[in-house]
Amino acid sequence: MSDPVPSWLANAPAWTAAVRERKIRSRVVATDAAVLAAVLEQSPKTVLDLGCGEGWLTRALAAHGLAVTGVDVSPPLIDAARELGGGTFHVLPYSELASIEGAPFDVTVANFSLFDEDLRAALQPLSRTLIIQTLHPAFAEPPYADGWRVETFASMEGEWREPMPWYFRTLASWLRALRESGWVVTGMREPAGDDHRPLSLLLIAARLP
Ligand SMILES: C[S@@+](CC[C@H](N)C(=O)[O-])C[C@H]1O[C@@H](n2cnc3c(N)ncnc32)[C@H](O)[C@@H]1O
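Since the model is a prediction, treat every value here as computed from it, not as a measurement.

**Q** Got a minute to help me understand the pairing of strand 9 (residues 201-207) in this structure?
**A** The two faces of the sheet receive side chains in turn, since in a regular strand these alternate between them. Most of strand 9 sits inside the fold, with 5 of its 7 residues counted as buried. As defined by bridge partners, strand 8 (residues 183-189) adjoins strand 9 across 6 bridges and the pair is classed as antiparallel. If you follow Met188 over to strand 9, its bridge partner there is Leu203.

Following this line, the structure appears as C-alpha cells:
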C-alpha cells in the first residue's frame, strides 16, 4: 500500500523552508489567502488544523484570536510549529484523531493535507464545518481518474529526500468520500492566479443532519 507519511518525515526541513520563505507561488498568489478567508467567514472560536505541517495556518488563525489545535503525523514539522507557537500542537496521525482533546471544534480545516486513498479517519466528524483545500482535480495531469500518483518535488528548490505518493481523486470522488463520512458540500471555490487559471479547489462542507 502507498504511504505519503515517510515523505513528510524526510522532507520536513525542505518543506518548512519552502513555506516560510514563501517559495510556493500558488500559495503567495491565491491559496493561502483563500483558505484563511474561508475559515474566518465561519466566525469560529475553535479550529482543528488537520495536517498543519510547520503551522503557518494555525499561526495565522491564532493571530485573529482563534483557539487553534494543529495536528500532524510528522514530529519534525510539529517541532518546527511549536518553535513559533500560536496554537496547541500534537503529533498525531489521522488514524488516531478520535483521541484528540478539544473536540468538537467549530471548524476543521485541511489545507493540502489529505493524500490517503481511505479518508474515513481524517474525515471523521470532529466539527460542524469542514474546509478542504486541495489540488484542483480538473487542472491536474490526465488521466482524470482516481489513483495513486507520485510527487517528486522536482520543480521545487531545496533538498527533497523522499518522493510522496498521493491519491488523486476526481471531483465526484471527493464529493462521494465526504458524503460517506457524513458531510455535504455547501460551498465550492476555485482560487485563481492572474491568468484566471484555478490554482486549487476549496470545498466547504457541513455535517449531514
Ligand atoms: C503539503 S503539507 C501541508 C501542510 C500545511 N497544511 C500547510 O498548509 O502548509 C501536508 C501535511 O499533511 C501531513 N499529513 C499527511 N498525511 C498525514 C496523516 N496520515 N496524519 C497526519 N498528518 C498527515 C504531513 O505530515 C504534512 O505536514
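**Q** Sorry if this is basic, but what is going on with the side chain of Thr58 here?
**A** By secondary structure assignment, the location of Thr58 is in helix 4 (residues 56-62). A distance of 2.8 Å separates a polar atom in the side chain of Thr58 from a polar atom in the side chain of Asp49. When sequence neighbours within four positions are dropped, the list of residues in contact with Thr58 reads Asp49, Cys52, Val68, Gly70, Gly86, Gly87 and Phe89.

**Q** Teacher, can you tell me more about the site of the ligand here?
**A** In the vicinity of the ligand lie 19 residues, with Arg27, Gly51, Trp56, Asp72 and Asn111 positioned nearest. Within the side chain of Arg27, one N or O atom sits 2.9 Å away from an oxygen atom of the ligand. Here an oxygen atom of the ligand sits 2.8 Å away from a polar atom, N or O, in the side chain of Asn111. About the coverage of the ligand: the protein hides 97% of its 600 Å² of free accessible area. Applying the majority rule of atoms within 2 Å of the grid points places the ligand in the second largest pocket. When the residues that make up the shell around the ligand are grouped by side-chain class, the tally is 11 nonpolar, 5 polar and 3 charged.

Rules of the game
Residues numbered from 1 in each chain as written. Predicted model: local features only at pLDDT ≥ 70, side-chain atom pairs only at ≥ 80, totals over all residues. Heavy atoms only, no water. Buried < 20%, exposed > 50% of the residue type's maximum accessible area, 1.4 Å probe, protein only. Helix = DSSP H or I, 4+ residues; strand = E, 2+ residues; numbered from the N terminus. Pairing = 2+ DSSP bridges. Polar contact = N/O pair within 3.5 Å; in protein donor to acceptor, adjacent residues only side chain to side chain. Contact = heavy atoms within 4.5 Å. Near = heavy atom within 4 Å. Areas by Shrake-Rupley, 256 points an atom, 1.4 Å probe, with all protein chains shown as cover. 1 Å grid on protein atoms, 1.4 Å probe; cavity = no way out; pocket = protein on both sides within 12 Å on 5 of 7 lines; lining within 4 Å. Sits in = over half its atoms within 2 Å of the grid points. Nonpolar A, V, L, I, M, F, W, Y, C, P; charged D, E, K, R; others polar.

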